Amino acid sequence: MVENIAVKSRTKGKHGRNVVTNYKPVFAFDYGGKSYRVESNVSQNPALFDVGEKTEIKVNLSALEEIYVPANKIGNYTGIMFVGIGAIFLTIGILLVLKSH
C-alpha cells in the first residue's frame, strides 16, 4: 500500500454539520513490465492499511484497474450485502408476477 487518500464528507447530526474523514488506500503493483497504481473503492476510518504495509491484492487481468483486497472485510461484506438485498428484491418481484397470473 503506497498511500492513504483522505476523503472528507459532511454529515448532518444533532448538533449541526460534522466533517468526517475516511481514508482510501492506494495500491501499487507491477504487471507485464509496467507499474500500476489503483485506488480502492472503499474508504474507512481509521485507515485499514499503513503506508508501506504489504498486503495481498487480486487483480482482474482483463481490467487492471479492478482489484480485490481480501484483507478489506468491510468492502467484501458490502458487496455480499448488496447481492443479498438484490436477491431478496428479485425473489419478491418473481413471486408478485407469479401471484398476479
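Up top is the structure.
Draft legend 1. Region of the structure containing the overall build of the chain. What the chain contains, in helices and strands, is one helix and five strands. Going residue by residue from the N terminus, the α and β elements of the chain occur as β-β-β-β-β-α. For 101 residues, the compact-globule estimate of 2.2 N^0.38 gives 13 Å, and the chain exceeds it by more than 25% at 19 Å. When the backbone C-alpha atoms are referred to their principal axes, the chain occupies close to 60 × 50 × 20 Å. With an accessible surface of roughly 7800 Å², the chain has 59% of that area assigned to carbon and sulfur atoms. Side-chain charges of the chain comprise 12 positive and 8 negative groups, with the mean position of each set lying 14 Å from the other.

Draft legend 2. Quick peek at the sheet that holds strand β3 (residues 34–39). Spatially, three strands are ordered β1-β2-β3 in an open sheet, and the strand pairing comes out antiparallel. What marks the edges here is a single partner per strand, and that holds for β1 (3–13) and β3. The average undirected angle you get between the axes of adjacent strands in this sheet is 20°. Judged from the eleven bridges that link them, β1 and strand β2 (residues 16–31) form a sheet pairing that is antiparallel. In the strand pairing of β2, Gly13 is matched with Gly16.

Draft legend 3. Summary view of a nonpolar patch on the surface. On the surface, Phe82, Ile85, Ile88, Phe89, Ile92 and Leu96 cluster together to form a nonpolar patch covering roughly 630 Å² of accessible area. One can find Phe82 in helix α1 (residues 73–100).

Draft legend 4. Structural detail: the packing of aromatic side chains. Under the defined criterion, the tally for this structure stands at two aromatic pairs. Each ring, one from Phe27 and one from Phe49, has its centre 5.5 Å from the other, and the planes form 80°; the classification is edge-to-face. Highlighted residues: Phe27 in strand β2 and Phe49 in the loop between β3 and β4 (58–59), separated in sequence by 22 residues. Each member of the pair, Phe27 as well as Phe49, carries the same accessibility label: buried.

Draft legend 5. Quick look at the side chain of Thr21. Mapped onto the secondary structure, Thr21 falls in strand β2. On the basis of relative accessible area, Thr21 is assigned to the buried category, the value being 16%. In contact with Thr21, other than residues within four places in its own chain, are Ala6, Val7, Lys8 and Asn45.

Draft legend 6. Inspection of unusual backbone geometry at higher detail. Backbone torsion omega between Asn45 and Pro46 reads 5°, so that peptide bond is classified as cis. As for its position among the elements, Pro46 is in the loop between β3 and β4.

Draft legend 7. Focus on the pairing of β3. Both β2 and β3 contribute to a ladder of six bridges, which runs antiparallel. Paired with Asp30 across the strands is Ser35, a residue of β3. Connecting the antiparallel pair β2 and β3 is a turn made up of two residues, with Gly32 showing a positive phi of about 60°.

Cut-offs applied
Residues numbered from 1 in each chain as written. Predicted model: local features only at pLDDT ≥ 70, side-chain atom pairs only at ≥ 80, totals over all residues. Heavy atoms only, no water. Helix = DSSP H or I, 4+ residues; strand = E, 2+ residues; numbered from the N terminus. Rg over C-alpha atoms; globule rule 2.2 N^0.38 Å. Areas by Shrake-Rupley, 256 points an atom, 1.4 Å probe, with all protein chains shown as cover. Lys, Arg positive; Asp, Glu negative; His and termini not counted. Charge placed at Lys NZ, Arg CZ, Asp CG, Glu CD. Pairing = 2+ DSSP bridges. Axes fitted to C-alpha atoms, helices over the stretch in contact; angles between N-to-C directions. Patch = residues over 30% accessible without salt bridge, like charges linked within 9 Å, V, L, I, M, F, W, Y side chains within 5 Å. Salt bridge = Lys/Arg side-chain N within 4 Å of Asp/Glu carboxyl O. Phe/Tyr/Trp six-rings, centres within 6.5 Å; stacked < 30°, edge-to-face > 60°. Buried < 20%, exposed > 50% of the residue type's maximum accessible area, 1.4 Å probe, protein only. Contact = heavy atoms within 4.5 Å.

All we've got here are geometric facts, nothing functional implied.
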